[in-house]
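A look at the structure
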Amino acid sequence: MLNFKNTTIAYIAILLLLMVGSLFFYFSGWVFCYVIISYLIIIIFGSFWMKFRFFVPTFTANKITNKPYVALTFDDGPHPVYTEQVLVLLRKYQIRATFFCIGKNIERYPDIFKKIVEEGHTIGNHSYSHKNTIGFNGTKCWINELEQTDTLIESFGVKKPAYFRPPFGVTSPHLAKAISFTSHTVIGWSIRPYDTSIKHKWAILRHIKRKLKPGSVVLLHDTHARIPFILERLLLFLHENNYKAVTINRLLDEK
Ligand SMILES: [Zn+2]
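Residues numbered from 1 in each chain as written. Predicted model: local features only at pLDDT ≥ 70, side-chain atom pairs only at ≥ 80, totals over all residues.

1. Some points on the overall build of the protein
Counting its regular elements, the protein contains ten helices and eight strands. Projected onto its principal axes, the C-alpha coordinates of the protein cover approximately 75 × 40 × 35 Å. Going through the 255 residues of the protein one by one, you find that 38% of them count as buried. Sequence-distant contacts in the protein: of pairs separated by 6 or more residues, those separated by 24 or more amount to 79%. (Helix = DSSP H or I, 4+ residues; strand = E, 2+ residues; numbered from the N terminus. Buried ≥ 20, exposed ≤ 12 C-beta atoms within 10 Å, placed from the backbone. Contact = placed C-beta atoms within 7 Å.)

2. Describing the pairing of strand β7 (residues 217-221)
With respect to burial, β7 is a largely interior element, five of its five residues being buried. Residues of β7 alternate between two faces, with Val217, Leu219 and His221 on one and Val218 and Leu220 on the opposite face, all of them buried.

3. Points about the domain arrangement of the protein
Domain parsing of the protein yields domain 1 (4-48) and domain 2 (58-253). The centre of domain 1, based on its C-alpha atoms, is set 38 Å off from the matching centre of domain 2. (Domains from an automatic or database assignment.)

4. Examining the packing of helix α3 (residues 82-92) against helix α5 (residues 110-118)
Running from amino to carboxyl end, α3 crosses α5 at an angle of 15°, the nearest separation of the two axes being 10 Å. With respect to α5, the element α3 is oriented roughly parallel. As for how α3 packs across α5, the hand of that crossing is left-handed. Across the interface between the two elements, Thr83, Glu84 and Leu87 from α3 touch Ile112, Lys115 and Ile116 from α5. The residue inventory of the contact of α3 with α5, partitioned by class, reads three nonpolar, one polar and two charged. (Axes fitted to C-alpha atoms, helices over the stretch in contact; angles between N-to-C directions. Parallel < 35°, antiparallel > 145°, perpendicular 65-115°, else oblique. Left-handed = near helix turned anticlockwise from the far one by under 90°. Nonpolar A, V, L, I, M, F, W, Y, C, P; charged D, E, K, R; others polar.)

5. Some remarks on the packing of helix α8 (residues 201-211) against helix α9 (residues 227-240)
Contact geometry of α8 with α9 gives a least axis separation of 10 Å together with a crossing angle of 35°. The way α8 lies across α9 gives a crossing that is right-handed. Of α9, the residues touching α8 (which contributes Lys201, Ile204, Leu205, Ile208 and Lys209) are Phe229, Ile230, Arg233, Leu234 and Phe237.

6. Digging into unusual backbone geometry
Pro78 follows Gly77 through a cis peptide bond whose omega is -5°. Its place among the elements puts Pro78 in the loop between β2 (69-75) and α3. Positive phi outside glycine occurs at Asp76, with the angle close to 80°. Its place among the elements puts Asp76 in the loop between β2 and α3.

7. Some points on the nonpolar core
The biggest cluster of nonpolar side chains holds 51 residues, and the ones touching the most others in it are Ala71 and Val218. Setting aside residues up to four positions removed in sequence, Ala71 forms contacts with Thr98, Val217, Val218, Val246, Thr247, Ile248 and Leu251. (Core = buried A, V, L, I, M, F, W, Y, C linked by C-beta atoms within 7 Å.)

Right, here's the structure in full:
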């Protein structure tokens, strides 16, 4: 399996072989440069692509279920305006979803967070700060991010979240160490329609509909004005096509 440990061992072996080989044959210094550059490219690719599961085991979809279950997930809330609109729609269509909440937003909007909990949705940890440089955190900083948010969520009478979604989907060896300490299950996605950056609502919907299949995990955000429009049409589409939207825990348990 191509992961950080196996890749690093393989590249160290290649470099050692080249060094031994250079005692008997001539190798240009560029050969060593190419090997190191290709290693760095794999590391960068592994950091940004969660499906790769390069640094940490990650659940991105249920590929073995034959039931038409899909999981809708909402990141970055609670939001003072749009989270409640999302909750109204989920209640209207009797859907349970998963909310990956940011700790500092829970502190800022506790009443909205309480509503997510009261409506029976699954809560996931999405870090405390969600800062742009979070991917460069050391292990200790990651543990602080995770534990601070867990403690905050538990203070609302919710049990410690079992799931964590890394901000921006960026993983690293430090995060992997932190996760092995905190024991969260890392959750990615199989459908990312870039709903925060693409302004065209129908283009976002088309992207989701085209990629949707049993076991899919859809990444959405309850933080922007387009989400009520997109969500209502998506819920209608799921209903008309006999899909059932479930929480991450339910999708993970499906065989
Ligand atoms: Zn996020």
